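A structural walkthrough
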Amino acid sequence: MTSMGYGAAQSLTAQLEQDLASTIDVAPSVSRRAVLGGLSILGGAALTGVGGAQSGDGGGGGHDHPDHGNFGAVGEYDSDEFDPHEFLTEFNTGDNGDGGDADPNEGVYQENGRTVREFTLTAVDTEIEVLPGVTFPVWTYNGQVPGPTLRVEEGDLVRVNFVNGAEEHAHTIHPHLKNLDPDMDGTPTNGPGVLNPGESFTYEWQAEPMGTHLYHCHTMPLKAHVHRGLYGALIVDPKPERVRENPRDYVNYHGPMTDELVSELVDRARSRNMISHPDYAPEGFTGVNEMVMVMNGFDTNFDGDNEVYAVNTRGFCYGVGSTDGRGNWAAGETKRPIQVDKNELQRVHLVNMIEFDAINSFHTHSQFFDYYDAGTTLLPTRSNIDTVMQCQAQRGVFEMDYSDHDPGLYMFHAHQSEFAELGWMSFFEVV
Ligand SMILES: [Cu+2]
């Protein structure tokens, strides 16, 4: 039973990728490598249950397509510079530009009685593989799309050293926060305006309100700067003490504020606050698994329409390859489902940064979730839903409980069917 399900899921991922790869239109500036020719072979093999993309002569197409071996496994991503699987759970709580490698809190210090979290974001032009064999020229913060997920606590001062290291374009950083100083808004009309290549500026933002937010470049033409990759998630954790003092600020609720409710809200704030309470576990769960998913897309022929859709940049990156259902996948496998422990609460920070399409959406199979619009309340704004819709810059938190589900693969995807077939199709693997 289980193995057939895994085979079907693998075949579906392979078939969709093959369909997209065989029809994708790319501009001369977008690199499309010969490896795409091998996808039909992988797809055919997977559909007949042969599988084994890693085996033999490098994908089964070696005789007719000797170049395949140069690009890694057929149907797999070649570059590992940006890994959507790592990005899912990487949070930067303050650093001085080394990505937090040495000490994740080296950029955290006290100043005038408040906590400062300092970050360095550098605009860099680079390339990123958005489909196996298709490399798109991106404009990035710190060389990755999405940019680093910044995570701070309510009330902190967020100090961002922005360096424009791009080759030719001016950029800014505009935060979706409640800022009191217009000079820090990161728009062409305010403060330093746009920053030309070689220029830098230090933005200072108030970490208000709590929630799942975002930052992006606000240089004209906006759609180009956003679509090319200059955006990232910005999470503000609630401060439990503040919730206890002013509980009504954290709920869309006008009934009596009982001690029980206040206590529940404080517990919920603790659960949402990874900075102060990294090991906090709500009753009934061994823990919370937090993930960041940024829905995005890429216009590979620059016609003002997306050809590839994704969550966290790479089409089908959370699809199914050759997992055995116990979290084991083939060496070098770059497409694989997101493994979730059924005993943990799954919390997703979902941000829509799609350009050129009015809306995007997130749909779970065999699962319903509670949704907190913008993450700015501690009680759900929508309960027990399996699909949520977001326009660009809309975001939210949702929580899922898989404790009563059988182990196996559960699909999730955009419920714009077209987006799903063009890359935004994924699976959770419940173990
Ligand atoms: Cu820009």
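Quick caveat, the model's predicted, so the values are computed rather than measured.

Looking at the copper ion, one finds its protein donor set to be His171 (ND1), Cys217 (SG) and His225 (ND1), positioned 1.9 to 2.1 Å from the metal centre. Sequence positions of the donors to the copper ion reduce to the motif H-x45-C-x7-H. Here the two residues cysteine 217 and histidine 225 agree in accessibility, since each one is buried.

With that out of the way, let us pick up helix α6 (residues 259-272). Across its 14 residues, α6 extends 20 Å between first and last C-alpha, which sits within 8% of the 20 Å expected from 1.5 Å per residue. Taken as a whole, α6 has its buried residues at Leu261, Val262, Leu265, Val266, Ala269, Ser271 and Arg272.

By the criterion of burial, strand β3 (residues 114-131) is predominantly enclosed, with 13 of the 18 residues buried. Sheet topology note: the β3/strand β6 (residues 157-164) ladder contains eight bridges and is parallel. Bridge pairing links threonine 120 to asparagine 161 in β6. Hairpin connection from β3 to strand β4 (residues 134-141): two residues lie between these consecutive antiparallel strands, with glycine 133 at a positive phi of about 95 degrees.

Our next topic: the side chain of threonine 140. Residue placement: threonine 140 occurs in strand β4. Separated by 2.8 Å, the side chain of threonine 140 and the backbone oxygen of valine 124 make a polar contact. Within the structure, threonine 140 has its side chain in polar contact with the backbone nitrogen of glycine 143 (distance 2.8 Å). Filtering out sequence-adjacent residues up to four positions away, threonine 140 remains in contact with Thr122, Ala123, Val124, Thr126, Val145, Gly229 and Leu230.

Let us now look at the sheet that holds strand β19 (residues 395-401). Here six strands make up an open sheet; going across it, the order is β12-β11-β14-β19-β16-β17 and the pairing mixed. Unpaired on one side and paired on the other, β12 (308-311) and β17 (382-385) mark the two borders of the sheet. Averaged over all pairs of adjacent strands, the angle between their axes in this sheet comes to 25 degrees, without regard to strand direction. The strands touched by α6 within the sheet are β11 (287-298), β14 (344-352), β16 (369-373) and β19, with β11 carrying the most contacts at an inclination of about 60 degrees.

Turning our attention to the pattern of salt bridges. Applying the stated rule across the entire model yields 13 salt bridges. Note that arginine 159 is salt-bridged to glutamate 111, the shortest N-O span being 2.8 Å. In this pair, arginine 159 is assigned in strand β6 and glutamate 111 in strand β2 (residues 108-111), connecting sequence segments 48 residues apart. For arginine 159, a relative accessible area of 12% translates into the label buried. Residue glutamate 111 is classed as partly exposed on the basis of its relative accessible area, which comes to 28%. A salt bridge links arginine 117 to aspartate 156, with the shortest nitrogen-to-oxygen separation between them at 2.7 Å. One end of the pair, arginine 117, is in strand β3; the other, aspartate 156, is in the loop between β5 (150-153) and β6, with 39 residues separating them in the sequence. Each member of the pair, arginine 117 together with aspartate 156, is buried. Shared partners join several salt bridges into a network, and the residues in it are Arg151, Asp237, Glu290, Arg347 and Glu399.

Turning our eyes to something else, we now look at the UniProt feature "binding site: Cu cation" (unreviewed entry) in the chain. The UniProt entry lists His171, His176, His216, Cys217 and His225 under the feature "binding site: Cu cation" (unreviewed entry), expressed in the numbering used here. Note that histidine 171 resides in the loop between β6 and β7 (174-175). A relative accessible area of 0% places histidine 171 in the buried class. Setting aside anything within four residues of it in sequence, one finds histidine 171 in contact with Ala123, Trp139, Phe162, Asn164, Ala166, Val194, Leu195, Cys217, Thr219, His225 and Leu230. Along the chain, histidine 216 falls in strand β9 (residues 211-216).

What counts and what doesn't
- Residues numbered from 1 in each chain as written.
- Predicted model: local features only at pLDDT ≥ 70, side-chain atom pairs only at ≥ 80, totals over all residues.
- Heavy atoms only, no water.
- Donors = N, O, S within 2.8 Å, 3.2 Å for Na, K, Ca; no water.
- Buried < 20%, exposed > 50% of the residue type's maximum accessible area, 1.4 Å probe, protein only.
- Helix = DSSP H or I, 4+ residues; strand = E, 2+ residues; numbered from the N terminus.
- Expected span 1.5 Å × (residues − 1).
- Pairing = 2+ DSSP bridges.
- Polar contact = N/O pair within 3.5 Å; in protein donor to acceptor, adjacent residues only side chain to side chain.
- Contact = heavy atoms within 4.5 Å.
- Axes fitted to C-alpha atoms, helices over the stretch in contact; angles between N-to-C directions.
- Salt bridge = Lys/Arg side-chain N within 4 Å of Asp/Glu carboxyl O.
- UniProt positions renumbered as here; feature names shortened; annotations may be inferred.

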